[in-house]
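Structural description and commentary
Take a look at the letters that make up each chain.
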Amino acid sequence: MAEVAIIGGGLAGCDAAWQLAQAGISVTLYEMKPEKRSEAHTEDGLAELVCSNSFRATGPAAAIGLLKEEMEALGSLVMEAAFATQVPAGGALAVDRALFSEYITGKIESHENITVVRKEITSLDAEELSGRDAVIIAAGPLAGVDLTESLMQTVGDARLYFYDAIAPIISADSVDYSKAFWGSRWKPEDDDYLNCPMDEDEYKAFVQALLDGEKVKPREFEKEKHFEACLPVEAMAERGEMTLAFGPLKPVGFTDPNTGERPFAIVQLRLENKDRTAFNLVGFQTKLKYPEQKRIFRMIPGLENAEFLRLGSIHRNTYVNAPQALDETLQLRKRPGFYLAGQITGVEGYLESAACGLWLGLSLAHRLNGREVAVPPRETALGALLGHLRTEPDKEFQPSNVNFGLMPGLEKKMKKKLRKEAYGIRAQEVFAAWIGEAGLKG
Ligand SMILES: Cc1cc2nc3c(=O)[nH]c(=O)nc-3n(C[C@H](O)[C@H](O)[C@H](O)COP(=O)(O)OP(=O)(O)OC[C@H]3O[C@@H](n4cnc5c(N)ncnc54)[C@H](O)[C@@H]3O)c2cc1C
């Protein structure tokens with residue numbers, strides 16, 4: 001019987017363990033709680049939800065809804081537990097977090113192929129890990145410090161990031177192109193950036209809204225940890241009314257083709273993907289509450305109807321630069337036999353982390369049993385998420401949740417609602433074909 005050690009009994013670790021164990025692989029799952037806890041974990045059970053109790057939208061018109069369907073089809077324990085412990089939440093899937101953790105802990109602890117050891121693993125060279133056929137590191141965004149250091153040494157230099165500074169991503173076809181214009185600083189012919197010009201009144205009202213907007217309160221452990229280079233946009237606004245206009249919103253080098261003049265300030269949108277279907281709001285990492293982000297960022301001329309594919313956030317996060325550190329199988333290039341799963345790979349979100357663990361458990365189990373499973377195509381939600389980890393090696397690799405912007409664009413232009421449906425239908429068809437060809441149908 002092949003043997004796999006997993007470090008971390010969170011969402012990714014549990015779904016990976018389940019897939020491996022169900023395929024007849026012997027799993028030892030190391031979880032440091034209750035002996036030691038991260039700054040956010042408070043309970044003793046496995047698969048603890050540290051913040052919200054929501055797994056977000058359901059249904060194929062949302063990428064996260066598709067991911068749920070795909071995970072369920074692949075036998076995800078996390079999805080099974082979510083449905084078993086669901087609480088009413090409108091169109092979203094939310095759970096009773098205590099029952100959810102209890103359900104998963106019970107299933108994992110009673111599985112004949114899984115041994116749970118409550119112990120912190122502090123190094124990739126730990127004795128407990130030797131002689132295994134594979135080791136999975138699923139220690140999450142708040143992984144133990146010693147393990148993090150050991151991983152950092154293995155990966156090499158600074159390829160392990162410690163702070164999330166995430167700016168929102170919006171859908172390209174929700175921008176008003178009669179107001180926004182293409183061009184880089186001094187280069188109006190460039191089409192790498194789309195620019196939203198502001199006049200003085202619009203700028204000042206926007207800065208005031210940033211100051212007044214409701215923010216997420218930092219937890220004790222998150223204080224004073226921002227790098228100067230990735231300050232939240234509202235923190236910059238607090239430094240002075242003109243700080244943003246002299247910083248990320250600097251208009252120098254731009255002429256608004258609609259007025260023939262230099263705008264007072266400019267918000268730049270950077271292309272997020274090759275298909276040009278999504279933009280990142282440059283410099284807009286933020287701690288504003290989600291509804292506030294939508295309200296305030298829609299004050300930007302051209303973004304009045306912006307559709308947000310991802311909202312901004314900042315919190316401590318530990319993740320590798322996946323395109324550089326990991327190969328296609330999620331194995332550390334510099335340490336064969338050691339794999340990463342969950343948020344530490346650069347996926348973002350509860351279900352994304354679980355999905356990553358599920359995929360690693362499933363694909364690794366097949367490999368250990370002598371068979372390869374093809375990675376799901378990028379038209380599917382799981383394939384899009386895994387594809388994000390294999391983007392071109394890039395210094396600015398950032399975590400992402402699953403969204404339609406990670407999928408290949410659609411050939412035809414269509415209205416928002418129809419477009420979402422089209423992404424959903426295509427994903428379902430491609431997934432059904434893939435799961436059939438891969439011989440994974442339950
Ligand atoms: C403060 C915070 C709030 C978040 N809120 C949300 C949210 O509301 N919604 C959302 O979708 N996502 C949220 N996330 C992002 C992410 O989805 C969660 O962190 C998610 O739990 C990640 O899953 P995971 O399995 O990768 O890691 P985790 O669920 O964190 O699991 C990792 C496990 O590994 C254990 N561990 C760590 N180091 C070691 C070690 N050295 N030895 C043994 N065990 C170890 C930990 O105790 C933990 O149980 C949040 C993240 C943070 C940091």
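Residues numbered from 1 in each chain as written. Predicted model: local features only at pLDDT ≥ 70, side-chain atom pairs only at ≥ 80, totals over all residues.

- The protein is annotated in an unreviewed UniProt entry as Methylenetetrahydrofolate--tRNA-(uracil-5-)-methyltransferase TrmFO from Pseudodesulfovibrio portus.
- Taken from UniProt, the Subcellular location (unreviewed entry) comment for the protein reads in full: "Cytoplasm".
- Under Cofactor (unreviewed entry), UniProt gives the following word-for-word description of the protein: "FAD". (UniProt positions renumbered as here; feature names shortened; annotations may be inferred.)

Structural notes on the overall build of the protein
- Helices and strands together make up the secondary structure of the protein, namely 13 helices and 16 strands.
- Over its C-alpha trace the protein gives a radius of gyration of 22 Å, about what one expects of a compact globule, namely 22 Å for 442 residues.
- When its C-alpha atoms are laid out on the principal axes, the protein stretches across 70 × 45 × 45 Å.
- In the protein, which comprises 442 residues, the proportion classed as buried is 48%.
- Sequence separation of 24 or more characterises 72% of the internal contacts of the protein that already satisfy a separation of 6 or more. (Helix = DSSP H or I, 4+ residues; strand = E, 2+ residues; numbered from the N terminus. Rg over C-alpha atoms; globule rule 2.2 N^0.38 Å. Buried ≥ 20, exposed ≤ 12 C-beta atoms within 10 Å, placed from the backbone. Contact = placed C-beta atoms within 7 Å.)

Quick notes on the UniProt feature "binding site: FAD" (unreviewed entry) in the protein
- Taken from the UniProt record, the annotation "binding site: FAD" (unreviewed entry) applies to Gly8, Gly9, Gly10, Leu11, Ala12 and Gly13.
- Within the secondary structure layout, Gly8 lies in the loop between β1 (3–7) and α1 (11–22).
- Here Gly8 is in contact with Gly13, Glu31, Ala138, Ala139 and Gly140, once residues within four sequence places are set aside.
- With respect to the helices and strands, Ala12 occurs in helix α1.
- The class of Ala12 is buried, set by 35 C-beta atoms lying within 10 Å.

Considering the site of the ligand
- What surrounds the ligand is a group of 34 residues, the closest being Gly8, Gly10, Cys51, Gly140 and Gly342.
- Elements represented by at least two residues in the shell around the ligand include exactly α1, β2 (26–31) and α11 (350–368).
- Element by element, the count of residues in the shell around the ligand is highest for α1, at three residues.
- Its residues placed into classes, the shell around the ligand shows 17 nonpolar, 14 polar and three charged. (Near = placed C-beta within 6 Å. Nonpolar A, V, L, I, M, F, W, Y, C, P; charged D, E, K, R; others polar.)

Comments concerning helix α4 (residues 97–109)
- Look at α4: 18 Å from first C-alpha to last across 13 residues, which is about the 18 Å you get at 1.5 Å a residue.
- Turning to α4, its buried residues are Phe100, Ser101, Tyr103, Ile104, Thr105, Lys107 and Ile108. (Expected span 1.5 Å × (residues − 1).)

Re the domain arrangement of the protein
- Per the domain assignment, the segments making up the protein are domain 1 (3–164 + 315–437) and domain 2 (169–310).
- Measuring from the centre of the C-alpha atoms in domain 1 to the corresponding centre in domain 2 gives 31 Å. (Domains from an automatic or database assignment.)

Quick word on the confidence of the model for the protein
- Averaged over all residues, the pLDDT of the protein equals 91, while 94% of them reach at least 70.
- Here residues 221–225 is modelled with pLDDT under 50, and outside its nearest four sequence neighbours on either side it reaches seven contacts, counting other chains as well. (pLDDT = per-residue confidence, 0-100.)

Considerations on the sheet that holds strand β13 (residues 278–281)
- Spatial ordering of the open sheet is given by β10-β11-β12-β13-β9-β14, a layout of six strands whose pairing is antiparallel. Lying at the two open borders of the sheet, with one neighbouring strand each, are β10 (181–182) and β14 (308–310).
- Alignment of strand β12 (residues 265–271) against β13, held across three bridges, turns out to be antiparallel. Following the sheet pairing, Leu269 is matched in β13 by Leu281. (Pairing = 2+ DSSP bridges.)

Side note on the environment of Glu70
- Tracing the chain through its elements places Glu70 in helix α2 (residues 63–73).
- Each C-alpha atom, one on Glu70 and one on Ile435, is 9.4 Å from the other, the two residues being 365 residues apart in sequence.
- If near-sequence neighbours (up to four positions away) are discounted, Glu70 is found in contact with Thr380, Ala381, Leu382 and Phe431.

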